[in-house]
Amino acid sequence: QVQLLESGGGLVQAGGSLRLSCAASGRTFRKYAMGWFRQAPGKEREFVAAITWDGGSTDYQDSVKGRFTISRDNAKNTVYLQMNNLKPEDTAVYSCAHGGLYSGPSSNQDDYAYWGQGTQVTVSS
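A quick note: this is a predicted structure, and the numbers were derived from the prediction, not measured.

Here is what the cut-offs are and how they apply
- Here the residue numbering is sequential within each chain, running from 1 through the sequence in written order.
- Restriction of local features to residues with pLDDT of at least 70 applies here, the model being predicted, together with a cutoff of 80 or more for giving and counting side-chain atom pairs; totals for whole chains, interfaces and linings are based on all residues.
- The basis for every side-chain value is the complete set of non-hydrogen atoms in the structure, without hydrogens or water.
- Secondary structure elements are defined from DSSP: runs of H or I of at least 4 residues count as helices, runs of E of at least 2 residues count as strands, and each element is numbered from the N terminus.
- The buried label applies to any residue whose accessible area, calculated with a 1.4 Å probe on protein chains only, is under 20% of its type's maximum; exposed applies above 50%, and partly exposed to all values in between.
- Here a residue-residue contact requires only that any non-hydrogen atoms of the pair lie within 4.5 Å.
- Where accessible areas are quoted, they stem from the Shrake-Rupley method and a 1.4 Å probe; at the residue level, only the protein chains shown are allowed to cover.
- We score Asp and Glu as negative and Lys and Arg as positive, and we do not count His or the chain ends.
- Where a charge lies is defined by one atom per residue type, namely NZ (Lys), CZ (Arg), CG (Asp) and CD (Glu).
- Any pair of Phe, Tyr and Trp rings, taking the six-membered ring for Trp, is counted once the centres come within 6.5 Å. Such a pair is stacked with planes under 30 degrees apart, edge-to-face with planes over 60 apart, and tilted for the rest.
- To sit over a ring, a charge needs its Lys NZ or Arg CZ within 6 Å of the ring centre and within 35 degrees of the ring normal.
- Whether two strands pair depends on DSSP finding at least two bridges between them.

Participant: Could you give an account of the overall build of the chain, naming the residues involved and the relevant values?
Facilitator: For the chain, the helix and strand inventory stands at zero helices and 11 strands. For the chain, the succession of helices and strands along the chain, N to C, is β-β-β-β-β-β-β-β-β-β-β. Along the three orthogonal principal directions, the C-alpha set of the chain runs to about 40 × 25 × 25 Å. Expressed as a percentage of the 125 residues in the chain, the buried residues total 43%. A separation threshold of at least 6 residues defines the contact pool for the chain, and within that pool the share at least 24 residues apart is 60%. Entry remark: accessible area of the chain is about 6,200 Å², with carbon and sulfur atoms responsible for 44%. Charge centroids of the chain, computed over 12 positive and 11 negative side chains, lie 6 Å from each other.

Participant: Kindly report on the packing of aromatic side chains, identifying the contributing residues and their values.
Facilitator: Applying the stated criterion across every chain, the model contains five aromatic pairs. With 5.2 Å between their ring centres and 80° between their planes, Phe37 and Tyr112 make a pair best called edge-to-face. Note that Phe37 is positioned in strand β4 (residues 32-39) and Tyr112 in the loop between β9 (92-101) and β10 (114-115), a separation of 75 residues in sequence. For the pair Phe37 and Tyr112, a shared accessibility class is recorded, and that class is buried. Aromatic ring contacts, followed pair by pair, group Phe37, Phe47, Tyr112 and Trp115 into a single cluster. In this structure, Arg19 is placed above the aromatic ring of Tyr80, and the distance from its NZ or CZ to the ring centre is 4.0 Å.

Participant: Describe the pairing of strand β11 (residues 119-124), naming the residues involved and giving the relevant values.
Facilitator: The two faces of β11 differ: Thr119, Val121 and Val123 on one face are buried, but Gln120, Thr122 and Ser124 on the other face are not. As judged from the four bridges shared by strand β2 (residues 10-13) and β11, these two strands associate in the parallel manner. In the strand pairing of β11, Leu11 is matched with Thr122. Bridge analysis of β9 against β11 gives three bridges, and the strand direction is antiparallel. Bridged to Ala92 within β11 is Val121.

Participant: Just give me the short version of unusual backbone geometry, but keep the residues and values in it.
Facilitator: Backbone geometry places Asn77, a non-glycine residue, at a positive phi of 50°. Looking at the element boundaries, Asn77 is found in the loop between β7 (68-73) and β8 (78-83). Residue classification places Asn77 among the partly exposed residues on the basis of a relative accessible area of 27%. One non-glycine residue, Asn85, adopts positive backbone phi at about 50°. Checked against the element boundaries, Asn85 lands in the loop between β8 and β9.

Participant: Describe the environment of Met34, naming the residues involved and giving the relevant values.
Facilitator: Topologically, Met34 is positioned in strand β4. Taking the C-alpha atoms as reference points, Met34 and Ala49, separated by 15 residues in sequence, lie 8.7 Å from one another. Apart from residues lying up to four places away in sequence, Met34 is in contact with Leu4, Cys22, Phe29, Ala50, Ile51, Ile70, Arg72, Val79, Ala97, His98, Gly99 and Tyr112.

Participant: So, the pairing of β7: which residues are in play, and what are the values?
Facilitator: Of the two faces of β7, the one holding Phe68, Ile70 and Arg72 is buried and the one holding Thr69, Ser71 and Asp73 is not buried anywhere. Pairing of β7 with β8, which is carried by six bridges, proceeds in the antiparallel orientation. By the bridge assignment for β8, Thr69 is matched with Gln82. Once β7 ends, the chain turns through four residues before running back antiparallel as β8, passing Asn77 with a positive phi of about 50°.

The following block contains the structure:
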């Protein structure tokens, strides 16, 4: 069993920054890909960013490229999402997800077996 706990969400003005963290426990974190997804009110959950088990490769949704950065610290069993130049359309609940063993940075939700509860990010205009 894997437990994922997100933190770092909040209310920020447009143009501001937030750093989300996701602490993992229950499995050998360093061997697994990780991802971030988000769900806005009335919309389906969508892919934001993903990172390979070793941090060697990443992938991003087009709308966040150049603004968001995913990273991980395997010594701390934690994955991060640095979000800069936030826009009102980034408002959503952000969830981290635990991916496949030694797998690539997938944007497919079906490749993720475990999910956190999520943290709310609200960007005001």
